[in-house]
Amino acid sequence: MLKASESYVRKLVEEEMRVDERKFDEFRTIKIEKNAVKTAEGSARVMVGNTHVLVGVKMSVGEPFPDTQNEGVLVVNAELVPVASPNFESGPPNENAIELARVVDRGIRESHCIDLESLCIQQGKEVWIVNVDIHVLDHDGNLIDASAIGAISALLTTKVPKYENGKVNVSEYERDLPVRDVPVAVTVVKIGNKLLIDPTVEEEEALDARMTLSTNEKEQICAGQKGGDGYFTTEELVKAADLSILKGKEIRNLIKG
Amino acid sequence: MAEEKIKMIVDGKRMDGRGLEDFRPINVEVGVLKRANGSAIFKFGDTYALSAVFGPKTMHPKHLQDPQKAFLRCRYNMAPFATTERGRPGTSRRSIEISKVINEALSNVIFFEDYPKTAIDVFVEILQANASTRCAGLNAASLALAEAGVSMKNLISSCSAGKIDGQIVLDVAGDEDCEGEVDMAVATIGNEDKIVLLQLDGIITKEEFLTLIDLAKKGCATVYEKQLNALREKYKTGEENVESE
């Protein structure tokens, strides 16, 4: 694939244009396929343009955290596997994979969309652990938003297996995972003094800064993360918040649809 | 559980007696270590951050050298004894993420082109933690860089703001951190309206988000003054010594 150079991307953006001719506030086509993996208790495949992520949820039983003895545990992990990009290497997760997982994690956790208290089996001893694994298969930018869509979509399909005599029986299900909100992450990137959403990988390489805001059904903000070597002014953050809320609503409808 | 939720704000006063927009006592000291090229301590009350800068020095491994500019490496680390419950020594996912955002924040002000082929190492050690550790660490780090003589556009100043008992407050601490509704870390370039770090946890309306940013920016400006004073203090003492000789 021939790639546009950083300087070309920046020059285009300055002239209010993008390489793929999208508007600044326009997402690429989003496709969500729920239940994409048979072996997982919940899963979703998400395509955002050429970006492709697969998210699987596995349910296991383990010990609760000492400070939340009566709550289940949410664990989000992301792997940037080498099939997805020539720049990804095998091995333990690097800082980008860790940041990706933690930003997606906070969007879900802080929205309190999973009723973790209902996942307590025996207080202080046994609780359900919700393992959300993000597998990035093709990286053409905006991994945070794509992964967040994948994570909540997968959670919405997740079933809690039967748990009898200390054994998880994944062939039989007890109930649906209690999910009561649909948080959506929208990342706004700054290139020069312009703000745009859903960057391709070329646009990400040219960005100054990015701001991810997760919003819930009530259109409140529930998590935020700034990234990149540049800065945002307050005025730009106001615009970013407006965009995240507006686009979050559209994507939420797509996820529920 | 039928546990009564503790009131964290009573008559406009917080649990530690502070008003809503008050900082804990801030203590800053520049040049505290012998071996490092630059070092500083920054404290928000009981949160104690120490930072040391080594370099600019030749970048090893050599294949990572950039002939055009310096390479910044940041490591945020928390001592195992810094929290009530002992932390596991070594890097964690949390510390890797914080190191990354600290690196990105500092990258805004360093003139990397002045130091081709070099590495600048910034280490942040949290020796005692009571919330806002990344903010204290970043404040110390930018002072340590200044003391090391690394050319910079300005300092980076950082503080936290949050929402507790439905009210917007500055410099979240103690029980406010785990019991409060929202916690947000912000860093700015000096006292300018340029936000280089923002991490938010918790549910908040857009209007409250903006109020929080404004309060945090005011806080960063206060931190900036403290940082400048500490730098002046450090070099003023030097002058006096020369005169007395």
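Residues numbered from 1 in each chain as written. Chains lettered and ligands numbered in written order. Predicted model: local features only at pLDDT ≥ 70, side-chain atom pairs only at ≥ 80, totals over all residues.

Trainee: Give a description of the interface of chain A and chain B that names residues and reports values.
Mentor: How big an interface is tends to be expressed through the accessible area that disappears when the partners come together. Each partner contributes to the interface: chain A provides 27 residues, whereas chain B provides 25 residues. Breaking the side of chain A that touches chain B down by element, the ones donating at least two residues are α2 (95-111), β12 (221-227) and α5 (234-256) of chain A. Considering each element in turn, the side of chain A that touches chain B owes the most residues, 7 residues, to β12(A). Of the residues belonging to the side of chain A that touches chain B, the class tally is 11 nonpolar, 9 polar and 7 charged. Inspection of the sheet shows β12(A) paired to strand β11 (residues 195-204) of chain B by 4 bridges, in the antiparallel sense. In the strand pairing of β11(B), A223(A) is matched with D201(B). (Contact = placed C-beta atoms within 7 Å. Helix = DSSP H or I, 4+ residues; strand = E, 2+ residues; numbered from the N terminus. Nonpolar A, V, L, I, M, F, W, Y, C, P; charged D, E, K, R; others polar. Pairing = 2+ DSSP bridges.)

Trainee: Summarise the environment of R88(B); cite the residues concerned and give the values.
Mentor: Residue and element names in this part refer to chain B. Along the chain, R88 falls in the loop between β6 (71-78) and α1 (93-107). With 8 C-beta atoms packed within 10 Å, R88 lands in the exposed category. Sequence separation between R88 and M78 is 10 residues, and the spatial gap between their C-alpha atoms is 9.1 Å. (Buried ≥ 20, exposed ≤ 12 C-beta atoms within 10 Å, placed from the backbone.)

Trainee: How would you sum up the environment of I152(A)? Please name residues and give values.
Mentor: All names here are of chain A. Counting through the fold element by element, I152 comes out in helix α3 (residues 143-157). Among the residues examined, I152 registers 30 C-beta atoms within 10 Å and is labelled buried. Sequence separation between I152 and L80 is 72 residues; the distance between their C-alpha atoms is 19 Å. Not counting the four nearest positions on each side in its chain, I152 is found in contact with I108, V182, P183 and I255.

Trainee: Describe in detail the nonpolar core, supporting the description with residues and values.
Mentor: By size, the foremost hydrophobic cluster in this structure holds 146 residues, and its most contacted members are V104(A), A151(A), L106(B), V122(B), A140(B) and V186(B). If near-sequence neighbours (up to four positions away) are discounted, A151(A) is found in contact with V55(A), V76(A), V104(A), I108(A), V132(A) and I134(A). (Core = buried A, V, L, I, M, F, W, Y, C linked by C-beta atoms within 7 Å.)

Trainee: Any chance you could break down unusual backbone geometry for me, citing the residues and the numbers?
Mentor: In the segment running from G55(B) into P56(B), the intervening peptide bond is cis, with an omega of 5°. Secondary-structure assignment places P56(B) in strand β5 (residues 47-58). The omega torsion of the bond from H60(B) to P61(B) falls at 0°, within 30 degrees of zero and hence cis. In this structure, P61(B) sits in the loop between β5 and β6. At N142(A), a position not held by glycine, the phi torsion is positive, near 55°.

Trainee: Talk me through the sheet that holds strand β3 (residues 26-30) of chain B; I want residue IDs and the actual numbers.
Mentor: All names here are of chain B. In space, the 5 strands of this open sheet follow the order β3-β4-β5-β7-β6, with mixed pairing throughout. The open sheet has two edge strands with one neighbour each: β3 and β6. Strand-to-strand twist of the sheet, defined as the mean angle between neighbouring strand axes without regard to direction, takes the value 15°. The pairing of β3 with strand β4 (residues 38-44) spans 5 bridges and is antiparallel. Looking at β4, one finds that I26 is bridged to F44. The strands touched by α1 are β6 and β7 (118-128); relative to β6, the strand with the most contacts, the crossing angle is about 140°. Packing of helix α2 (residues 133-147) onto the sheet brings it into contact with β3, β4, β5, β6 and β7, and relative to β4 it is tilted by some 150°. (Axes fitted to C-alpha atoms, helices over the stretch in contact; angles between N-to-C directions.)

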